[in-house]
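# Working through the structure, step by step
Here's the letter readout for the chains.
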Amino acid sequence: MTLCLVAPLFVAPTSALRSEESRTGTIMYNEEQALKGQDLYNEHCASCHGAALEGQGSLPLSGATFRARWADDHHSVDDLFYIIRTLMPYGQPATLPKQEYIDIIAYILMVNGYPAGAQPLPSDPQILKRITIKAQQP
Amino acid sequence: MRHSVLSAVLMAAGLAQYNANADSGPTQAELNAAGQSTEWLLPNHDYAGQRFVVLKQITHQNAADLRPVCIYQAGDLRPFQTNPLVYQGVMYVTTPSSTIALDAATCAVRWRHDWQSKARNAEVKVGETVVNPYRSRGAALKDGKLIRSASDGYLIALEIDTGKLIWERHVAEAEKYELMIMAPLVYEDLVISGIGISEYGVKGWIGAFRLSDGEPVWRFNAVPAEGEPGSDTWDSTEDAPRGGGGIWVTPSLDAEKGLLYVAVGNPVPDFFGGVRMGKNLYTAAMIVLDARSGKLQWFRQFVPHDLHDWDLTVTNPLYSTAIGGERRPLVSVAGKDGILRAIDRESHEQMYEVPLTTIANADAEPTVEGVHTCPGGLGGFEWSSPAFSPTMNMLVAPTVDWCGVFKKADELRFIPGQLYIGGSYTYDPVDKSSGWLTAVNASTGALAWKYHSKRPMLASVTTTAADLVFTGELMGDFLVLDAGEGKVLYRFNTGGPVTAGVITYAIGGKQYVGVMSGAAVRFWRTPPASSTVIVFSLP
């Protein structure tokens, strides 16, 4: 687990983003949202991806696999949102409200060491598209 | 001195030192005659893929006396889909990373080879665990070599007697999900294999590699490259990747004519057809290739412009039967659309087609709201083919009966390394899934009998000269049925899903049945299980 890592998300400058997070360009979810996401994750995701996102018969959502698949300076948070909202939960895809998918993403980001801020991760795809998941060091 | 020079040449060519007896088999003559063999030399028993064995020691009268004589556990919890081979008293089985040679009568281990993945991409290997969807459906044997694929895109050849590595060759881009799942087929000096996962935007192909060192010989693109014949059947005004055409089941082979019968999978993105207007050749089609050159001889597409992930999966058995007083050479063709078809291999006419699962809303395109359709995304026919019984003039086919809802996505996005299906599939509750073992007249397709299973039927099917049928169930039972009526004569719970090979063979005049039991892919919603070989015989 990589909770100790400080690995910023990068938010492209935009007039649509006025929060402190957007000015610093580093943080885009808050802890309350991530904890909501944790409950949702435990309910809908943990049986396949593991209680600690370690992968349990399915792909890990943390560590080396997350770094290789998502935290590579190329993928946006909206890419992650697109895959999760169209394909998950496994066997019952596209069945959760969009806000719940966003909360789960906040939790995944927290577990992967991206620090929380004051504002929640928004569900507006146009904003999410501008947030790049920055590469992390192992 | 001569040996040293040879060794030096081999080492210079990048080959490991190879000491196997050059006369080791199985030979081409043995493989050509596999249909009459009481061993199990090819993934579907023989090149024609008939899965019929001339043995008749186990009969209707004594089948109930069968009992397990030995068990081998490979110590692997990943999906177990191997088609075992038996040659000179030794059974060869594969897991995703291991190859094991067992005494086929006692399960004693002769040797075991564990492939160490060379993948550098964590997506393919995390720690010691390979997490891509690779699975192994088995190996091929010829001239003292065992050839199999690995999760990282390598083909490897092992010494049949010792398990020592003879050669290794990187032939597929596993990091891009070019995964060789099928058991390879060996013919003359060629190893034939294809790549089998379509849903990551991969373009399917099948190729031949030299048996002596794995060097590529030919390759046929199941999704034509720009300018190749068939490329004009993929029309779009949008700049979106198109692909699919995975080939994930071992082809059948007319060894006399040197013709390969290959089943090609679905087009991609699966549910978003607007970016691939047209028939999308050669997806969901049977292609017939010259085995020596890879040149297309003819083809027949069964689901043009598929929108339901209905791969064609089965192009065997090849068999001959009387129709209207005339002997016709046929190929049995089936796929995830749930329909069994018989095609004349000379005239290319379709002789009959019979639906073997529930079919509903099959012509309805997926919508954003979703359309309930049968078969669902899991078939129909998966990787196990019908078996042919020449004594009964019968085909016995395992199928999945499980419907679901296909949804088109509100937008299409290709993200490298991620599933690229343009929508989603939601299957009906597990208790609505079931399976069938169906026997039909091989000349007409007329129903002979049906056996209903509570879960999808995925295991291979074998017929014998005693008019018995051997197969297995997802709930774990090994079954022996009467080929005449479909009555169950023997049932034994193996402790794990049976989704792979069920074979029969003889050693020292005694008939055995080998059953592969182990974890199923998570699609199938079964409990965890360990890869296990169980051998049965009469007392």
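Residues numbered from 1 in each chain as written. Chains lettered and ligands numbered in written order. Predicted model: local features only at pLDDT ≥ 70, side-chain atom pairs only at ≥ 80, totals over all residues.

So, on to the overall build of chain B. Counting secondary structure elements, chain B contains two helices and 41 strands. Expressed along its principal axes, the backbone C-alpha trace of chain B runs to roughly 65 × 60 × 50 Å. Every one of the 539 residues in chain B was classed for burial, and the buried ones make up 57%. Of all intrachain contacts in chain B linking residues separated by at least 6 positions in sequence, the fraction that spans at least 24 positions is 60%. (Helix = DSSP H or I, 4+ residues; strand = E, 2+ residues; numbered from the N terminus. Buried ≥ 20, exposed ≤ 12 C-beta atoms within 10 Å, placed from the backbone. Contact = placed C-beta atoms within 7 Å.)

Residue and element names in this part refer to chain B. Put simply, glycine 25 and proline 26 share a cis peptide bond, and its omega is -5°. In this structure, proline 26 sits in the loop between helix H1 (2-12) and helix H2 (28-32). Cis geometry is adopted by the peptide bond preceding proline 317, which originates at asparagine 316 and carries an omega value of 5°. Residue histidine 305 is not a glycine yet carries a positive backbone phi of 50°. Turning to its location among the elements, histidine 305 is positioned in the loop between strand S22 (296-301) and strand S23 (312-314).

Each side of the interface is counted separately: chain A has 20 residues, and chain B has 16 residues. Counting only elements with at least two residues in the side of chain A that touches chain B, the list comes to helix H4 (63-69) and helix H5 (77-87) of chain A. Here the residues of the side of chain A that touches chain B are counted per class, giving nine nonpolar, eight polar and three charged. (Nonpolar A, V, L, I, M, F, W, Y, C, P; charged D, E, K, R; others polar.)

Attention shifts here to the sheet that holds strand S13 (residues 185-187) of chain B. Residues and elements named next belong to chain B. In spatial order, the strands read S13-S14-S15-S16; together these four strands make up an open sheet with antiparallel pairing. Sheet topology places S13 and strand S16 (216-221) at the edges, where each strand pairs with a single neighbour. Across this sheet, the average inter-strand angle for adjacent strands is 20°, counted without regard to direction. Direction of pairing for strand S14 (residues 190-194) relative to strand S15 (residues 205-210): antiparallel, over a ladder of five bridges. Bridge pairing in S15 links leucine 190 to arginine 210. (Pairing = 2+ DSSP bridges. Axes fitted to C-alpha atoms, helices over the stretch in contact; angles between N-to-C directions.)

Our next topic: the sheet that holds strand S31 (residues 404-408) of chain B. All names here are of chain B. With antiparallel pairing, the three strands of this open sheet are ordered in space as S28-S31-S32. Looking along the sheet, the strands with just one partner apiece sit at the ends: strand S28 (371-373) and strand S32 (423-427). Each adjacent strand pair in this sheet contributes to an overall mean axis angle of 25°, direction not counted. Note that S31 and S32 share five bridges and pair antiparallel. Bridge pairing in S32 places lysine 408 opposite glycine 423.

Core analysis: the largest hydrophobic core is formed by 166 residues, its most contacted members being Val262, Val264 and Val396 of chain B. Leu61, Ala71, Ile102 and Ile127 of chain A belong to the second-largest nonpolar core, a separate cluster that totals 34 residues. (Core = buried A, V, L, I, M, F, W, Y, C linked by C-beta atoms within 7 Å.)

All names here are of chain B. Looking at chain B, pLDDT values average 93 and 94% of them are 70 or higher. Between residues 1-22, whose pLDDT stays under 50, and residues either more than four places distant or in other chains, the model counts 19 contacts. We note a pTM of 0.91 for the whole complex and an ipTM of 0.80 for its interfaces. (pLDDT = per-residue confidence, 0-100.)

Another point: the packing of H5 of chain A against helix H6 (residues 98-111) of chain A. Angle between the axes and distance between the axes: these two values describe a pair of packed helices. All names here are of chain A. Closest axis-to-axis distance for the H5/H6 pair is 10 Å, and the angle between their directions is 125°. Classified by the angle between their axes, H5 and H6 sit oblique to one another. For the crossing formed where H5 meets H6, the hand is right-handed. Across the interface between the two elements, Val77, Leu80, Phe81, Ile84 and Arg85 from H5 touch Lys98, Tyr101, Ile102, Ile104 and Ile105 from H6. Looking at the contact of H5 with H6, its residues break down into eight nonpolar, no polar and two charged. (Parallel < 35°, antiparallel > 145°, perpendicular 65-115°, else oblique. Left-handed = near helix turned anticlockwise from the far one by under 90°.)

To continue, consider the packing of helix H2 (residues 31-44) of chain A against H6 of chain A. All names here are of chain A. At a closest axis distance of 7 Å, the pairing of H2 and H6 adopts a crossing angle of 105°. By the angle between their axes, H2 is roughly perpendicular relative to H6. Of the residues in H6, those touching H2 at Gln33, Ala34, Lys36, Gly37, Gln38, Leu40 and Tyr41 are Glu100, Asp103, Ile104, Ile105, Ala106, Tyr107 and Met110. Residues that form the contact of H2 with H6 fall into these classes: eight nonpolar, three polar and three charged.

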